[in-house]
Structure formats: structure tokens, C-alpha cells
Amino acid sequence: MPRTHGNARLRAARAAAGYRSQQALVDALARNGVHVSLKQVQRWESETPPWPYPDARRVLQQLLNRTMEQLGFESPTGGVAPGPPATQLAPPARTAIRTPNLMQPATAATDFLAVTRAHRQLYWSVAPAVLHPAVTAHAGLGEALLPATAGHTRQTLAAALAESHLLGGRIEFFDQRAPERARDTWVQALQAAGEADDPLLGSAILAHMAFVPGWAGDQPAAAERMIAARTYARRAPASAEFLAWLDAVEAECETRCGNDRTALNLIAHGEEVLAAGSTQANPEWMDWFSPIRLAAFKGNTELSAGRLPQARETLLHVLAELPADADKQRTVVLGDLGAVEAAAGRPEAAAEYALRALELLEAHWYATGLERVREVRRALAPWQHEQYVRDLDDRMYGWGAVVSALAY
């Protein structure tokens, strides 16, 4: 139905239920286990509201005592869907399967998983602006296929779908610096992991979700997500590396929130976990962490804590030990080394590290790496008239670098 002033039905139902503001509805949803952003509620109250995911539909109807149609939403499959089961993922409007009896064969799940694995590997070499649309389209296909599967086929497909959404969110957060979009994508990933009944994958998704408030300085929200991530990890056999990675994620969040001592304690615990080892193998999809990457977290925290000699030693070790295909991580380490040298009063060395990072970013774009280089440049402000800083500026604001920064 046409809407000239946004979704007036949802807005009126919200007010009638006593939620005077959109934030009040966000808070009520959160108290009922559904975590959405304020922007998501704003989109629901827009002229073209997107179809909420299953748990959100269920709780919205409970809180506002209205059906989805009465709340101004239109089912992506056409017609009215008053209350689908919370475990059913809503297929996208453009790819919805309209023949529910046409069940997919078991090969659909294995074929979908094969593409998911290929995307996982391509992440380390393909530009994010090129890969992200493919990952998003692939996830849309998975959501369309899922209702037409059952049993083991459904479980396999749901796990692959969760991983695909996880990768999409990683690109949005780390490569495109779009945290709110990443959060919404990771919510979809968590829904799919629940379909697959895969607590370890759910733990990984929840830990990634902690980055969003953690990087924004919201320690309580980050800690809450990490508690959930650790709870899920206890439900499945987790490897030593997986548990150490949870420590590393929480340590980075604590560092971003200014709690360096807590972060260093978490990293020390992660080192102990790795030293103790375990018989449990890493999950196949966990290709973003290793002991040397834990050391990279440590170096950044030592830098934040002002332990410059220790940070320099740690980061130089990481730089020497990173594998050849880890150029994204290498840009971050080079940026941190530049920040160490700038803080130590060695601006020329700092500019040299930043230049090396920029050279890599031209071939392997990584928004997080550029963020580190920008931090170095800000630290070099007292020396901005020196030739080595001007050389850095020339490289940093060259055509290629500027276009890349705006493109992602």
C-alpha cells in the first residue's frame, strides 16, 4: 500500500503500546532478546520498511499486539504472514522460493558450501569492493534455498549460510568501515547458525559483534556480547586457538575502551591457553587467527599502554613471522610500528613505516590498515613541514589512495 508519510501503522502502534520514541522500542526489543539498531527501527518506520527477520517479527507482534500486516509490513512472498515460526529464515523478496513443495537435493547444500569456501579463500586476495557483492548475492541465494531443505541438508546449508553472512559482515566492518551494516549482517549470520545448531559458529559471530560497541568505546555492550560468545563456546568443543582468539577479541575491545591493563591480562591468558594446547582441531572456517596474530593484538595493546620498547619488539617479531599472504594484517602492524616510532620521538622512522603500509594498501586495500596510517600521520603533526612527512602526504593523498578510500 502506498505510504506518503512513512510507515504510519508501525509508528501509531508503537505509540499506542507506550513506546514514545524509536529508541524505547529498540530497548524493549533488546529486553526480549532481539538486538537491532536505532537505524533499523527507523528503516521499519520508513516508506519502504524491510521485512524483519523471524525473531524480530515475533517480538514486534508480541510487544505491539498487532500482526505484521497491521504494523505496515508486506511479506516478501506476497500476501500476509501473521506469525511464521521464529526458526524460519525469511527469504529475500527478489529470490523467494514460491514453490514450497519443490525440495532441494542434498547436493544443493554441498554445492552452496563449496562457493562459501571459495569466497573465504578469495577474501585474502580479492578487493573487497569486488568480493562483497558476490558474497551478499550468495547469502541471498542461501536464504532462498533454506526453506526448501530439510534434515542434514538443511543443517549443512544453514551453517554455510551463517559463514557467508559472517564473511559479509567482516568485509563491511574491517574493509568498508560500516559497523552498523556489519551488525545487521551478523544478526542474520546468528539466525542461520541457530538453524544449523552450531554453537561454535554462533560463538564466533557473537565475538565479531562485540567489535561494534568495543571499537565505539561502549565497554558494557562489548562485554555482554563476549559473555554470550564464551557461553556458546562452552557448548561445543573449542580448540585452544579459538579460545585464545576470544581472549584477543575481548582484549582489543578493552584496549579501545582504555582498559589496557585488563587487555594485557586477557592476552596473557590467551598465551597460556595456546601454550597448554588442546586435542580439538580448529573449525575449517577459522582462518583469521593464529599465535602470531595474537602477538599482533599484544603489540597494539602494549602501544596503547605506552610500553614502547615492548611494543616495538613484539611488532617487529610479528612483522618477521607473518605469512606471505597476510598483507592486510601486515598493513596494520606497519601502522602500529609507525605509531610506536612517532610516540618515541623518531618521526622519520614513523613516516617510513607508514609509507610501507601505504604501498601494500595500494595492492591490498584494507580500511583498518588505512586507519592505522592516518593515526601515524596525526601523530606526525609536529613535523609536518619536514620532507619525509611531505613525502608521506604525497603518497597518502595520491589519486589511487584517495579513490580507494572513497570507494570503500
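Residues numbered from 1 in each chain as written. Predicted model: local features only at pLDDT ≥ 70, side-chain atom pairs only at ≥ 80, totals over all residues. Heavy atoms only, no water.

1. Points about the confidence of the model for the protein
(1) Moving on: Taken residue by residue, the protein gives an average pLDDT of 88. The fraction at 70 or more is 90%.
(2) Moving on: Looking across the protein, the model is least confident in helix H19 (residues 399–407), with a mean pLDDT of 53, and most confident in helix H14 (residues 308–321), with 98.
(3) Moving on: Across residues 79–101, where pLDDT falls below 50, the model places 50 contacts with residues more than four positions away in sequence or in other chains. (pLDDT = per-residue confidence, 0-100. Helix = DSSP H or I, 4+ residues; strand = E, 2+ residues; numbered from the N terminus. Contact = heavy atoms within 4.5 Å.)

2. A few points about empty space enclosed by the protein
(1) Moving on: Evaluation of the coordinates by the stated rule reveals 4 cavities of 30 Å³ or more.
(2) Moving on: Empty space within the largest cavity amounts to approximately 430 Å³.
(3) Moving on: Along the wall of the largest cavity there are 23 residues; nearest its centre are Phe174, Glu252, Phe297, Gln329 and Tyr366.
(4) Moving on: Counting residues per element, the lining of the largest cavity draws most heavily on helix H13 (residues 291–304), at 5 residues. (1 Å grid on protein atoms, 1.4 Å probe; cavity = no way out; pocket = protein on both sides within 12 Å on 5 of 7 lines; lining within 4 Å. Points joined across faces, edges and corners; volume = space filled by probe spheres on them.)

3. Brief notes about the nonpolar core
(1) Moving on: Membership of the largest hydrophobic core comes to 117 residues, with the highest contact counts inside it found for Trp44, Ile205, Phe242, Trp245 and Phe289.
(2) Moving on: Beyond its immediate chain neighbours, meaning those up to four positions away, phenylalanine 242 contacts Leu200, Ser203, Ala204, Ala233, Asn282, Trp285 and Met286. (Core = buried A, V, L, I, M, F, W, Y, C linked by side-chain atoms within 4.5 Å. Buried < 20%, exposed > 50% of the residue type's maximum accessible area, 1.4 Å probe, protein only.)

4. A few points about unusual backbone geometry
(1) Moving on: We note that asparagine 65 has phi near 55°; this positive angle belongs to a residue other than glycine.
(2) Moving on: By secondary structure assignment, the location of asparagine 65 is in the loop between helix H4 (54–64) and helix H5 (106–122).
(3) Moving on: Residue classification places asparagine 65 among the exposed positions, given a relative accessible area of 63%.

5. Overview of the layout of surface pockets
(1) Moving on: One number sums up the size of the second largest pocket: a volume of about 640 Å³.
(2) Moving on: What lines the second largest pocket is a set of 24 residues, and nearest its centre among them are Gly33, Asp55, Leu190, Leu206 and Tyr232.
(3) Moving on: Contributing elements (two or more residues each) for the lining of the second largest pocket: helix H8 (179–196), helix H9 (199–215) and helix H10 (219–234).
(4) Moving on: Considering every element that reaches the lining of the second largest pocket, the biggest residue donor is H8, with 6 residues.

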